[in-house]
Amino acid sequence: MTRRLSRPGRGVDVLLADFGHRLPASPPAPAASRERGPFTQLVPRRGPRGRGRGRAVTPAPLPVWRMTSEQTPVVWPLIATSGLPPTGAQMGIDLLSGGAFYCDPVGWVTDDDISVTNPNVVVFGKPGRGKSATVKAFALRMLGYGYRTLVLGDTKDEYEPLCRALGVEPFVIGHGLPARVNPLAFGPLGHGWERLDAAEVRRREAIMFARWIVLLRGLVGSQAVPFGPVEETAVSEALRLLTGYAGGATRLTEPTVPQVWRALDEPTDELVAGCRYADRRHFLDATRTLRDALGSLVKGSLAGLFDDHTTLDVDWRAPIQSLSLSRLEPLGDQAVGIALTCLNSWGQAMREIAAPGDLRIVVRDETWRQMRLGAEAMKSLDANLRLSRRDADVQVLLAHKPSDMLTAGDANSQAVAIARDLLHLCDVKVLHGQDQAVGDELGSLLGLSPIAQRVVTGWAVAGKGRALWLVGDRAFKVQTVLTEPELRLTFTNQALTGRPA
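Residues numbered from 1 in each chain as written. Predicted model: local features only at pLDDT ≥ 70, side-chain atom pairs only at ≥ 80, totals over all residues. Heavy atoms only, no water.

The strands that make up a sheet are held in pairs by hydrogen bonds between backbone atoms, and each pair lies either parallel or antiparallel. On the basis of which strands lie adjacent, the open sheet formed by 11 strands has the order S2-S1-S11-S10-S9-S3-S8-S7-S4-S6-S5 and mixed pairing. Strands with a single pairing partner mark the edges of an open sheet, and in this sheet they are strand S2 (100–103) and strand S5 (171–172). For strand S9 (residues 428–432) and strand S10 (residues 466–471), the ladder comprises 5 bridges, and the chain directions are antiparallel. Paired with lysine 429 across the strands is leucine 470, a residue of S10. The sheet strands contacting helix H4 (residues 131–141) are strand S1 (89–94), S2, strand S3 (121–124), strand S4 (148–154), strand S7 (360–364), strand S8 (393–399), S9, S10 and strand S11 (474–480), and the helix crosses S1 at an angle near 135 degrees. (Pairing = 2+ DSSP bridges. Helix = DSSP H or I, 4+ residues; strand = E, 2+ residues; numbered from the N terminus. Contact = heavy atoms within 4.5 Å. Axes fitted to C-alpha atoms, helices over the stretch in contact; angles between N-to-C directions.)

Structure below.
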């Protein structure tokens, strides 16, 4: 078998040449011009070598600002500072430094390097931004440092799961329930009265009677009734007669609000003479508005709740105690506000002689309801906050926004002035997410810079538990971190999700 050899065929150009034609040749492509780059020759890393040549890295020119270290946080409030000492409750992450953030209000007060002079804390935030969860986590984590918690008025039963998890059943105040609170209770100051020397009697008498006057002024003021020197003299004299202090009794009798009202409504000759009135008719005419205001409290919607002796058997060694006011919600904001005022006075009485080392976190939820009662009720809350250093208490106020407090009166009224001062009595402010309008309020009231306002209205809104913490003159961007058990204890959306806590 022979193998055929393949020969290559003729191309198109050969065929055309056989017939006298020539295939046009394609023009040569123009040579591309080579662009010269910025570096025409290889240059060593540090530039051409030689005397007076080469280069070195130099910093970019920056503007120079001169100011004191005290002014710097005002211009740049979120500049990374030296941080706070790692004491107290570990709350979460400080996003500026990347480290853990600890909350220790009493420790900050005792540290001269931190500009905090009182342990009071005010927490603002829109509903659902995690302000109550932050407070509960703080109370829970401070248990390890010997702190106990007292919730003076849980208006939504938000602290029930936390109380029950700690083995404590909260007290519930409402019509038809056995719990009673006497806002005129003696408290620890009345113990062992018969064994006190004269100086201690005068000291305790001054504290007790001052607290009672503040309370009654607030309750009467909530009825839009003025409480001036005439009313104060009448109430003070009635209290001294009811307790037996005016007669030098060795054991005092605890008064109640209805007893004070009846003493004024049916005055004795001793009371009339003690108030320097000419006769009984003169006394009744001068105290008519006072008696009517107290009478409306005794006979009003809160009748039977705060007008008898206390029936609560409180275990002050328990990790937490809570007084629920959720049953009073249908009575309206004013009734709840008056109830909060009574509970505040009672709670202050219980803390007037705190044993050394008996540290307590006092939570005051929905404080704006008490503030709306007027200037006198504001003074009652103001007095509580001013005593926090003496009583070694961390007073925690919760509200949605600062304008809730400023609705206590007209723009230039005394109540609004007290509300503004109240904010400055809290050296620790926790600002959760807010709308732009509220951010402007915070800026004007607290002196926030535009950068700090944007943190509150932008970054803090984007996530639960995010807040701008103002500790004295320092600012921190903090993300609260909750553990799985804490998430269950702080879950408050059962009504929306149908999921139990």
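Two faces make up the sheet, and in a regular strand the side chains alternate between them. With 5 of 5 residues buried, strand S6 (residues 320–324) is to be regarded as a mostly interior element. Across the two faces of S6 the burial is the same, with Ile320, Ser322 and Ser324 and Gln321 and Leu323 all buried. Pairing of S4 with S6, which is carried by 5 bridges, proceeds in the parallel orientation. Its bridge partner lying in S6, leucine 152 is registered against leucine 323. Sheet topology note: the S5/S6 ladder contains 2 bridges and is parallel. Counterpart to phenylalanine 171 in the pairing with S6 is leucine 323. (Buried < 20%, exposed > 50% of the residue type's maximum accessible area, 1.4 Å probe, protein only.)

Attention now moves to the state of the cysteines. Put plainly, two cysteines are in a disulfide when a covalent bond ties their sulfur atoms together. Inspection of every chain in the model, using the stated rule, returns 0 disulfides. Free cysteine: cysteine 103, not disulfide-bonded; nearest cysteine sulfur from cysteine 426 at 13 Å. The thiol of cysteine 163 is not disulfide-bonded; the next cysteine sulfur, from cysteine 103, is found 20 Å away. (Disulfide = S-S within 2.5 Å.)

Scanning all chains against the criterion turns up 21 salt bridges. Close ionic contact of arginine 195 with glutamate 194 constitutes a salt bridge, the shortest N to O distance being 3.5 Å. Judged by its relative accessible area of 38%, glutamate 194 falls in the partly exposed class. Of the charged contacts in the structure, one is a salt bridge between arginine 369 and glutamate 329, with a shortest N-O distance of 2.8 Å. (Salt bridge = Lys/Arg side-chain N within 4 Å of Asp/Glu carboxyl O.)

Turning to the packing of aromatic side chains, a few remarks are in order. The geometry of an aromatic ring pair is captured by the separation of the ring centres together with the interplanar angle, meaning the angle of the planes. In total, this model carries 7 aromatic pairs according to the counting rule given. Taking the centre distance of 5.4 Å and the plane angle of 85 degrees together, the rings of tyrosine 277 and phenylalanine 283 count as edge-to-face. Comparing tyrosine 277 with phenylalanine 283, the two get one shared label, buried. Pairwise contacts between aromatic rings join Phe186, Phe209, Trp212 and Tyr245 into one cluster. Its guanidinium or amino end placed over the ring of tyrosine 159, lysine 136 lies 5.3 Å from that ring's centre, counting from NZ or CZ. When the ring centre of phenylalanine 209 is taken as reference, the NZ or CZ atom of arginine 240 above it lies at 4.5 Å. (Phe/Tyr/Trp six-rings, centres within 6.5 Å; stacked < 30°, edge-to-face > 60°. Lys NZ or Arg CZ within 6 Å of the ring centre and 35° of its normal.)

Bringing the pairing of S10 into the picture now. Most of S10 sits out of view: 5 of its 6 residues are buried. Here S10 runs beside S11; their pairing, made up of 6 bridges, is antiparallel. The residue of S11 that forms the bridge with alanine 467 is valine 478. Between the antiparallel neighbours S10 and S11 lie 2 residues, among them glycine 472 with a positive phi of about 65 degrees.

Attention shifts here to the environment of leucine 373. Among the structural elements, leucine 373 can be located in the loop between helix H13 (367–371) and helix H14 (375–386). With relative accessibility at 9%, the residue leucine 373 sits in the buried group. Measuring from C-alpha to C-alpha, the distance between leucine 373 and glycine 218 comes to 7.9 Å, with 155 residues separating the pair along the chain.

In this section: helix H19 (residues 450–459). By the burial criterion, the buried members of H19 are Ala452, Gln453, Val455, Val456, Thr457 and Trp459. Looking at the packing, one finds that the buried side of H19 touches S9, helix H18 (436–446), S10 and S11.

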